Structure formats: structure tokens, C-alpha cells
Amino acid sequence: MTCRPYPSQLTADSFTMVAADTPALSSRDQTEIDNELTAFKERMRSLRTRHNSLSPISSIPSEILGAIFVHHAQEIQFLYFPHEPVVLSWLNVVRVCHHWREVALGTPELWATPFLNSSRATEEMLVRSKMAPLNLRGGLVYRMESVQKVFMHVERLQEVSLLFFGGEMYRCIMEFLSELSACSAPKLQSLSLEQGYEPKLRIAIPTSFLAPKLRILKIKYCDISWASTILTGLTVLDIKWLSPECLPTLDELISVLYRMPALHTLVLEHALPTLPLQITSLPRVPRAMNVQLPHLKRLRLVAKVLEVANVLARIELPDSTMLEVQLRCGVSSSENLNQEWNLSLPVISRALESCFKATAKSRRVPRSLRLARLGFDHIHLQYSTVWDPSSWSWSMTESSFLLPEWSVERPVVLDFDFPAETSETILSDLWQLVPMRSLEALYVEGFFACWDGFWIDLLGRGAARNLTYINLRDTETSHTLQDLLISLRSRKHSLARFMGRCSRKRQTFAPALSHLVLDSLGFNPSSLSFTRTSDLFDVLVDRVNQGQGLDHLTITGCMGISAHDVRLLREVVADVDWDEYESVDDHNFEYDHDSFEDDDDDDYGFYGRR
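Residues numbered from 1 in each chain as written. Predicted model: local features only at pLDDT ≥ 70, side-chain atom pairs only at ≥ 80, totals over all residues. Heavy atoms only, no water.

## Digging into the overall build of the chain
Point 1. Broken down by element type, the chain carries 14 helices and 20 strands.
Point 2. Scored against the burial criterion, the 610 residues of the chain give a buried share of 47%.
Point 3. Here the contacts in the chain between residues at least 6 apart in sequence split such that 68% fall between residues at least 24 apart.
Point 4. Summing over all exposed atoms, the chain offers an accessible surface of approximately 32300 Å²; the carbon and sulfur share of this is 54%. (Helix = DSSP H or I, 4+ residues; strand = E, 2+ residues; numbered from the N terminus. Buried < 20%, exposed > 50% of the residue type's maximum accessible area, 1.4 Å probe, protein only. Contact = heavy atoms within 4.5 Å. Areas by Shrake-Rupley, 256 points an atom, 1.4 Å probe, with all protein chains shown as cover.)

Below you can see the structure in the form of C-alpha cells.
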């Protein structure tokens, strides 16, 4: 039997041995626990993976799941500019679960649009994209070194789209184009180069380079030779602001279009053949020699009106329900305004008929017209095939910011940069451009120098018979409103007061009108103007008596109208929507000077006693 020593008998060496053994034992125990925890976590991860694999979404094959991720990323990239960090929000899919991360990392197409605002991100995405075709898309800002890294993979480039402002980027792009001339870009389908402003040095597109799949070419403030082999087989040709020496002849342009039978988008802005200033007629050729573009869906031409007409005369537009035509025309000389307009009108009219011509499958007719004056010399028109286009919910002056998907609503857009004195000629001839007998809604905004019969001349004789809706907004002067009220008057038994310049012999204007919107206008109480609220009331009474009363009247932001006026209007219109806006000038502070008699209060001594 061994006797244990009392604590008082333990030596110092014994304490030293115990203290030395305790950390070793503790370390081993902690290591064993850590190993058990690691094994437990791995077991949990394995169980979660097995649990997730039993969910319905996990039954989707990896190839289909990867395609879904690619589609999601493309949607995000479409919604945001390439330089915005939010364009990488699709990366959240890699954080959902281990399986999704593995699928994402194994889908090269998902990483094929490098983020150019980070050199590190560009390098990583180039690695993960493996050999997938690359999309180079630069936003408003990007790193030049990132662009250069992508340019090193010419053989993989599928799309190049860059907005640049000269400087170092100019040299970088010129080096890239030079490399294209020396080697092949077998996967390149789209090339878009746009300088942000007119530069001193322009990018010159090579006359030829090996890009057999190139289908989309968009350039702005860049130059190109019209003899270039690149201008062959394209489906989209978008050229803006060529140098004067690079403008094509009409024969060169038509020759190029002949080499693009599948063309569906043609945009030429300040890139049309020029004409002599003193021209009295447009060149004529047999229609059989015109170029046929059977697949054309969008045509936009911006130039002087005769130059636009000169090109339109040589193009046979298809009778397609998808065709969209945008024309912006200016004048060549202020001395021959009417002559230029008269020469161009038949050509433009014939071209626009293709947008609304009946086809075997459907009949597309203009149901609404939007007319605005954007500036003193700019008339803007949009024709739409729907009654109430969603793209017209904002002010008409914001039309330049319309989204591309809204173009189907407005297949015809016309802009005329003509001096104000020609407005009457242009507006009175508009009904010749597009058939408007089916017009149901009319939106008008901005100042127009109206004349007697403005509304009837605008729509053509009898063309307003189906018009049910008029929206008049912010016309700046009372002339447009005045002529509308005069036109709306009954032609017999009218209660409205007679205006000397109004003829009663014309037919009733807009007999089907049921909804009138007056927005940001001013009523004038002067007896010399036909824009008093009482005039509006009398006109509406006239139409009720003739069986052509309004169902709806909307008044928003109008001056010169009061709650009393609205109460009277509600007696003749069932539904009056008023925002209750009354300007300070609307209050009529009238004083009865006869009431100031000698015995009235005169606290301030204004009336002295004799």
C-alpha cells in the first residue's frame, strides 16, 4: 500500500510537473473538440445539401439553371448603365447555396461582360468566362486599362460598345482598329463607337477587316468610306454626324443599301447626300430602280428637308405593321421655304403611307396625334396606333427621353425645324401626310400662331368626325384655346357671342367629342377675347342643345377660373374634374364706390368735412 503525502509534504518540483502537464492536456482536449465541431459542421453542410437537393428547384438541370442565370444577368445589364455597380447585382445568385455557386462558376457566358470600372473585376471575369464570346460595354466612366485587357482577346470579342471623349481612349481605339485590320475578329457581331462631342481628331473606321459575322454598326463623330466592305450584310446601320468630306452621294448610299437585304434598322443623322442650294426639283428615277428593304422596321433620317425627301424617294418601304418612321427636317435656305416644303411633301406623304397601309393580316391606322412646338422654330408630331399611349403621360417636351420599347406606340414621329412664319403652311398640310379619318385623340402643347379655322385646317375637312378626346396643354397664348372654342361652337342657334372672324358656314367640328382636357391654360376675362369662362360655358351649352355635349371635362392648373365658374360648368357636363387651382388674379375684388357716403365710417379722415 502506497501512502500519499499530505499537501504540506509536496515539494516544489511536484507543482512544477503538474503545471507543465495541464496545458498539454487542455490543448489536446480543445483540438479534439475542434475536430468534432468541424466534422459536425461538415455533417450539417452535407445534410443541408441533401435537403436542398430534394426541393423542386434543385431538379432543374445545371445547363438550364445556368441559362436562367445568364438571362437574369442580361436583364440587369439592360436596365442599368454599364458603369453602375448595380449592374453586378446578379452576383447575388452565387450566394444562395453551394449548388448555385457551382453552377454560376461553371457557366462561362455569365462572366462574359466584364465590369470595366475595376481592373481586378475585369481580370477575374476574363478568367471565369474561359473561351466564351466577350461583350465589351463601356458606360460613362471606365478604366482604360480594363478596356485594353479586353482588347487583348480580339478573337473572342462579340460586341464592342464604347462612348469616349478623345484623349488616351482615342489612341487606344485606333490601336484596336489597326489590330482588327491585321487580324481576324471571327465572333464580332456588333461594333458601336460614339464620341461624346465633335472632336478635332475623328476615328476612321478601317476600309476592311475580317469580321464575317458583323451585323450591327453604330458610329457617331466617326468617319467611314462608303466603299468599305464592312458596309455589307448589316441588319443595323446607324451613322451620325459624318464629316462633310465623308458624306455619300445618292448612288453610293443606294449601292450600300442594296448590299444589306436583311436591314431592319436604318438611322442616318447628318449623314445624307447633299443637294445644291438652288434646286428646283428632285432627281427622278423609275420606281423599279428603287432599293427594296422588305425587313425594315425602323427608319430615322435627320437632315434638311430636301435631303430627306431625296433619299426617301429612292427607298421602297415595306407595308409592315412594325415599321417606325422618324424624320427630322430643316430648311436649306430661308429664301425658298415654301418651294422646299412643296417639293418634299409628296415624297414624305408617300413614304408615311406605308406605315398605315392596310395589309392582309392587319390594318394599322393612326388613332392619336400629338402636336407640340418645342422652341420657336420646331414643330414636333407623333402619330400613334393606340388611343392613350403610356409614353404620353409626361409633358410633350420630354419626348426625347422616351424609352425604345414605346416606339411601337408611336410609329411615326416628325420634327420640322422651320421658321415660325411657315407654321400655317406645314400644319394645314399635315392631313395630307397621314390619313387621319380614324383619329380619336388629339394632344396639343406649345405656342402656335393660329389662324381662322386652325383646328379644321389641321385635321382636314371632315377628318375629325371620330375625334372623342382633346388634350390642350400649356399653349402660352390664348389663340389656340380661342380658336378651339370658336370651332366647337354650334353652327346654328348658338348662344355663344359672335366673333367677327368666325365663319358659321363650316361643318360642326368634332361631333363625337366627349372628353376635353384643359391643362395649364389661361382664361381671359376681356370682352375682346373669346377665352372667357363664360364663353366656354356657352359653347358647351350649344353642344348640349345640339345633342353633342361633353361627358368629361378636366381642368388642371388653369388661371382665370374660379369655383363659381366650375359650378356653372357642372350644370352642363356630368363629370368635371377640377384641381381647385385659383391664382391670385382670379379673385375679383370689386368695390362699390357709390357706397362711400358722408355718413360712412371715415376713421382715417380720408374725407374732409367742408
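## Some thoughts on helix 2 (residues 62-79)
Residue pairs three or four apart in sequence face the same way in an α-helix, which turns once every 3.6 residues.
Point 1. In a regular helix each residue adds 1.5 Å, so 18 residues correspond to 26 Å; helix 2 covers 26 Å between its end C-alpha atoms and thus fits that length.
Point 2. Within helix 2 the residues assigned to the buried category are Leu65, Gly66, Phe69, Val70, Ala73, Ile76 and Gln77. In an axial view of helix 2, the angular spread of the buried residues amounts to 145 degrees, which keeps them on one side of the axis. Facing away from the buried surface of helix 2 by more than 90 degrees, the exposed residues are Phe78 and Leu79.
Point 3. Buried positions along helix 2 lie against helix 3 (98-105) and strand 1 (134-137). (Expected span 1.5 Å × (residues − 1). Arc of directions from axis to C-beta.)

## Quick word on the pattern of salt bridges
Point 1. The final tally for this structure, using the stated rule, is 18 salt bridges.
Point 2. With a shortest N-O distance of 2.9 Å, Arg128 and Glu124 are connected by a salt bridge. A residue pair is termed a helical-turn pair when its members lie 3 or 4 positions apart in one helix, as Arg128 and Glu124 do in helix 4 (residues 119-128) at four residues.
Point 3. When its relative accessible area of 37% is taken as the criterion, Glu124 is described as partly exposed.
Point 4. Between Arg202 and Glu198 there is a salt bridge whose closest N-O contact spans 3.7 Å. (Salt bridge = Lys/Arg side-chain N within 4 Å of Asp/Glu carboxyl O.)

## Let's talk about the side chain of Asp415
Point 1. Its place among the elements puts Asp415 in strand 15 (residues 412-417).
Point 2. Put simply, Asp415 is tucked away with no salt bridge, and the nearest opposite charge, on Arg300, sits 5.2 Å away.
Point 3. Reaching out from Asp415, the side chain makes a polar contact with the side chain of His378 at a distance of 2.7 Å.
Point 4. Residues in contact with Asp415, not counting those within four places in the same chain, are Leu327, Arg328, Cys329, His378, Ile379 and His380. (Lys, Arg positive; Asp, Glu negative; His and termini not counted. Polar contact = N/O pair within 3.5 Å; in protein donor to acceptor, adjacent residues only side chain to side chain.)

## A look at the packing of aromatic side chains
Point 1. Tallying each qualifying case throughout the model produces nine aromatic pairs.
Point 2. Look at Phe165 and Tyr197: their rings are 5.8 Å apart centre to centre, the planes differ by 35 degrees, and that puts the pair in the tilted class. Taken together, the residues Phe165 in the loop between strand 2 (157-164) and helix 6 (168-182) and Tyr197 in the loop between strand 3 (190-195) and strand 4 (203-204) connect sequence positions 32 residues apart.
Point 3. Relative accessible area serves as the criterion here: at 45%, Tyr197 is assigned to the partly exposed category.
Point 4. Seen in terms of ring centroids, Tyr443 and Tyr469 are 5.4 Å apart; in terms of plane orientation they differ by 50 degrees. Their pairing is tilted. Of this pair, Tyr443 sits in strand 16 (residues 441-445) while Tyr469 sits in strand 17 (residues 469-473), and the two are 26 residues apart along the sequence. An identical accessibility class is assigned to Tyr443 and Tyr469; each is buried.
Point 5. Sitting above the plane of the Trp111 ring, Arg128 keeps its charged end 4.7 Å from the centroid. (Phe/Tyr/Trp six-rings, centres within 6.5 Å; stacked < 30°, edge-to-face > 60°. Lys NZ or Arg CZ within 6 Å of the ring centre and 35° of its normal.)

## Details of helix 5 (residues 144-151)
Point 1. Turning to helix 5, its buried residues number three or more, namely Ser146, Val147, Val150 and Phe151. The buried residues of helix 5 occupy an angular sector of 140 degrees when projected down its axis, which confines them to one face.
Point 2. On its buried face, helix 5 is in contact with helix 4, strand 1, strand 2 and helix 6.

## Quick look at the pairing of strand 14 (residues 378-384)
Point 1. Across the seven residues of strand 14, seven count as buried, placing the element largely inside the fold.
Point 2. Neither face of strand 14 is exposed, since His378, His380, Gln382 and Ser384 on one face and Ile379, Leu381 and Tyr383 on the opposite face are all buried.
Point 3. Pairing geometry for strand 13 (residues 368-373) and strand 14, over six bridges, is antiparallel. Directly across from Leu369, in strand 14, lies its bridge partner Tyr383.
Point 4. Pairing of strand 14 with strand 15 involves six bridges; the strand directions are antiparallel. Along strand 15, the bridge assignment pairs Gln382 with Val413. (Pairing = 2+ DSSP bridges.)

## Concerning a nonpolar patch on the surface
Point 1. Residues Phe78, Leu79, Tyr80 and Val86 make up a contiguous nonpolar surface patch of about 410 Å² in total accessible area.
Point 2. Tracing the chain through its elements places Tyr80 in the loop between helix 2 and helix 3. (Patch = residues over 30% accessible without salt bridge, like charges linked within 9 Å, V, L, I, M, F, W, Y side chains within 5 Å.)

## A word on the pairing of strand 15
Point 1. Burial runs high along strand 15: five of the six residues are buried.
Point 2. Strand direction decides the pairing type here: strand 12 (residues 324-330) and strand 15, joined by six bridges, are parallel. Across the sheet, Cys329 pairs through a bridge with Phe416, a residue of strand 15.

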